[in-house]
Amino acid sequence: MQPASSPTASGRAAWCVLGRAQGGATVLVELDASGTEIARSAFRPDELATEVSRREQTQHPRWVWSDTTAWYPRLLAAGVTVERCHDLRLVHRILRHSQLVREPSAIRAAEAWDTPLAPHVPERDTGATLFDLEAGSERSGGVPQDIDEALAEFSRHRAASEGSADPGRLRLLVAAESAGALLAAELHEAGIPWDEAEHDRILQDALGPRPGRDQVPARMAEAAAEVREALGDPTLQLESHPRLLRALHRAGVDVDSTSQWELAEHEHPVIAPLLAYKKMSRLLAANGWAWLDEWIHDGRYRPVYVPGGVVTGRWASSGGGALQIPRQLRSALRADPGWRLVSADVSQLEPRVLAAMSADGAMLAAGAGRDLYAGIVGAGIVATRQEAKTGMLGALYGGTTGDSGRVVPRLRRSFPDAMRLVDDAAATGERGGTVSTWLGRSSPAPEEAWVQAQRSANQPDAPSGEQERARRSARDRGRFTRNFVVQGTAAEWALSWMAGLRLALATFEEVPKPSSAPASGRVFARRAHLAFFLHDEVIVHAPAEQAEAAAEAIREAADAAGRLLFPGSTVDLPLDLQISERSTQK
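Residues numbered from 1 in each chain as written. Predicted model: local features only at pLDDT ≥ 70, side-chain atom pairs only at ≥ 80, totals over all residues. Heavy atoms only, no water.

Explain the pattern of salt bridges to me, and be specific about the residues and the numbers.
Counted by the stated rule, this structure contains 35 salt bridges. Residues Glu47 and Arg44 are paired through a salt bridge, measuring 3.1 Å at the closest nitrogen-oxygen approach. The class for Arg44 is partly exposed, based on a relative accessible area of 48%. The residue Arg385 makes a salt bridge to Asp371 at a minimum N-O spacing of 2.9 Å. Taken together, the residues Arg385 in helix α16 (residues 385-397) and Asp371 in the loop between α14 (361-366) and α15 (372-378) connect sequence positions 14 residues apart. Several salt bridges converge on common partners, so that one network encompasses Glu30, Glu51, Arg54 and Arg55. (Salt bridge = Lys/Arg side-chain N within 4 Å of Asp/Glu carboxyl O. Buried < 20%, exposed > 50% of the residue type's maximum accessible area, 1.4 Å probe, protein only. Helix = DSSP H or I, 4+ residues; strand = E, 2+ residues; numbered from the N terminus.)

Structure below.
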């Protein structure tokens, strides 16, 4: 991944800005490395893909556009990819909040570029996109499409980044976020290879034969009948949480909720069938036959990814639940004939990122070349791996009771630099301050109502109940900022990993047409490509003869991402890497 202001040869565009002019024409403005306009041209919508392809081959510019979801899908459908972009919508959100930006007033005043975390996502093949909006339409996805608006916003971005407290870090963050936008569109275009027959088999094994419309699967119905019999209520509606709770109380099962963990603490004939029913109900609702019919087409699952959809910078999903594929369904992820799935995930990513951020020597040593939790046990800090895991999660998420409360103090003594980093982040949040990730994504400021509640509770005559509510609210915010710095930095590492891997895979030669995977689309049918991403996991769909090379590319990209973010660090970010026809990860 190159920094966002790579110089180019004299007279060659470093940046190509796309937008719309009055009347609906698509306009391309070329800028040199200093941001000075050197040429401007207009195209019909049907000419743009050809022009973008030509410039990619001759100039390799960074494309600047309002919103990747508005521009890139139609280019991909035409068989055109771009190497780099600058997504004005996503970058605006970062710069608007980043504490590294010394003069944010111009960015914050450009309110037309403010968008929520879950953006508009155009349909893949139908519906309005930038290229078929009616003439005169100026906005798509909630942000301006006008070329002059795009140029003005890009100028604000350059000024904010170059005048920031750490331009280098912000440039990396901006490049990674924009690369993520390209990746999200490409993942949707290529899709995840999906075995519909295997998915149906899994559902039938778990739920029974596919039922008719508005009918309950046989095994769910049997479990429901057992629950009603055990509770002595033959008409009980199990989907009604209040009624189910009342029935449990009448049967002597004193629970506050129907969560698995709380139910499992009780012994009663209703517990086993109720837990079984809840498990089947979740599978049916989230990934049942209706999901299979809606989301799987031509052997592909094409979820809608939302880069930066979580405030920490993690991705979200706007449809299909790509970030929540249960282990039970993983065998339905199946490579095309003659292809392989190359899967890799990182062990204990967030704790290892914390060790690198804090440069905590003892914690880095505990995870060097081995399972981090086993290393904590080996250092004599705790007795079992589960204790180590529980304590570390408590440190990252603010656990203060139970096993977490018992183990975290030991971690503070053994890993003082790492624990100080998250403890300081929590203290900042409790005071109402903001914190930042390694590359400069900052947490949002607290709402004014929160600030006022804290001030009111600190008055000498404030009621004790108000003071306690304020303390709880402050602790909640501290837990959020404690985790924000680590989860957000881990997301930055993962984006850098994927961005580097994406560029490496783009250099792979295409396989002969008989060996292609046509369902992956015009761009990806004949070479290895990313097919899935989940926080700390990637899956590459590769021709069998390219699988080993793809695995090596995954390793090299992970190592490069570590060096990019944490130069000089000894942090070990080990990969669990497998090559198979079916997914076995997670």
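Next comes the rest of the write-up.
Give a detailed account of the sheet that holds strand β5 (residues 85-87), specifying residues and quantitative values.
Pairing within the open sheet is mixed, and its five strands lie in the order β3-β2-β1-β4-β5. A single partner strand is all that each edge strand has here, and the edge strands are β3 (37-43) and β5. Neighbour-to-neighbour, the strand axes of this sheet turn through a mean angle of 20°, independent of strand direction. Alignment of strand β1 (residues 15-20) against strand β2 (residues 26-31), held across six bridges, turns out to be antiparallel. Bridge pairing in β2 places Val17 opposite Val29. On the sheet, helix α5 (residues 147-162) packs against β1, β2, β3, β4 (62-65) and β5 and is oriented at approximately 140° with respect to β1. (Pairing = 2+ DSSP bridges. Axes fitted to C-alpha atoms, helices over the stretch in contact; angles between N-to-C directions. Contact = heavy atoms within 4.5 Å.)

Quick one: what's the story with the pairing of strand β15 (residues 537-543), residue by residue and with numbers?
The element β15 is largely enclosed, with a buried count of seven among its seven residues. Of the two faces of β15, the one lined by Glu537, Ile539, His541 and Pro543 and the one lined by Val538, Val540 and Ala542 are each fully buried. Inspection of the sheet shows strand β13 (residues 339-346) paired to β15 by seven bridges, in the antiparallel sense. The partner of Ala344 across the bridge, within β15, is Val538. By the bridge criterion, five bridges tie strand β14 (residues 529-534) to β15 in an arrangement that is antiparallel. Note that in β15 the partner of His529 across the bridge is His541. In this antiparallel pair of consecutive strands, β14 and β15, the connection spans two residues, and His535 shows a positive phi of 60°.

Which residues make up helix α2 (residues 68-77), and what values go with them?
The buried fraction of α2 amounts to seven of the ten residues, a majority that puts the element mostly inside the structure. Three or more residues of α2 are buried, namely Thr68, Thr69, Ala70, Trp71, Tyr72, Leu75 and Leu76. Downstream of α2 by a residue or two, Gly79 has a phi angle that is positive, lying close to 85°.

Residues and numbers for the packing of aromatic side chains, please.
Applying the stated criterion to the full structure yields twelve aromatic pairs. Considering the side-chain rings of Trp291 and Tyr301, the 4.8 Å spacing of their centres and the 65° angle between planes classify their relative orientation as edge-to-face. You can see Trp291 sitting in helix α12 (residues 289-295) and its partner Tyr301 sitting in strand β10 (residues 300-301), a full ten residues away along the chain. Accessibility expressed as a relative area gives 7% for Trp291, which makes it buried. Here a set of aromatic residues connected by ring pairs shows up, and it is made of Trp194, Trp291, Trp295 and Tyr301. For Arg477, the ring lying beneath its charged end belongs to Trp450, and the centroid distance is 5.9 Å. (Phe/Tyr/Trp six-rings, centres within 6.5 Å; stacked < 30°, edge-to-face > 60°. Lys NZ or Arg CZ within 6 Å of the ring centre and 35° of its normal.)

Can you lay out the nonpolar core for me, pointing to particular residues and giving the numbers?
Of all hydrophobic cores here, the largest spans 122 residues; its most connected members are Trp194, Trp315, Ile376, Trp493, Trp497 and Val540. Per element, the largest residue contribution to this core is eleven residues, and it comes from helix α20 (residues 464-505). For Trp194, the contacting residues outside a window of four places in its chain are His199, Trp291, Leu292, Ile296, Gly299, Arg300, Tyr301, Ile325, Ala332, Leu333 and Arg334. (Core = buried A, V, L, I, M, F, W, Y, C linked by side-chain atoms within 4.5 Å.)

So what's going on with α16? Which residues, and what values?
An α-helical segment advances 3.6 residues per turn. Residues three or four places apart therefore align on the same side. Between the first and last C-alpha of α16 there are 18 Å, a value that for 13 residues agrees with the 18 Å anticipated at 1.5 Å per step. Burial in α16 covers these residues: Glu387, Ala388, Thr390, Gly391, Met392, Gly394, Ala395 and Leu396. Looking at the buried residues of α16, the elements they touch are α13 (349-358), α14, α15, α17 (402-414), α18 (416-430) and α20. Of the residues trailing α16, Gly398 is marked for its positive phi of about 85°. (Expected span 1.5 Å × (residues − 1).)

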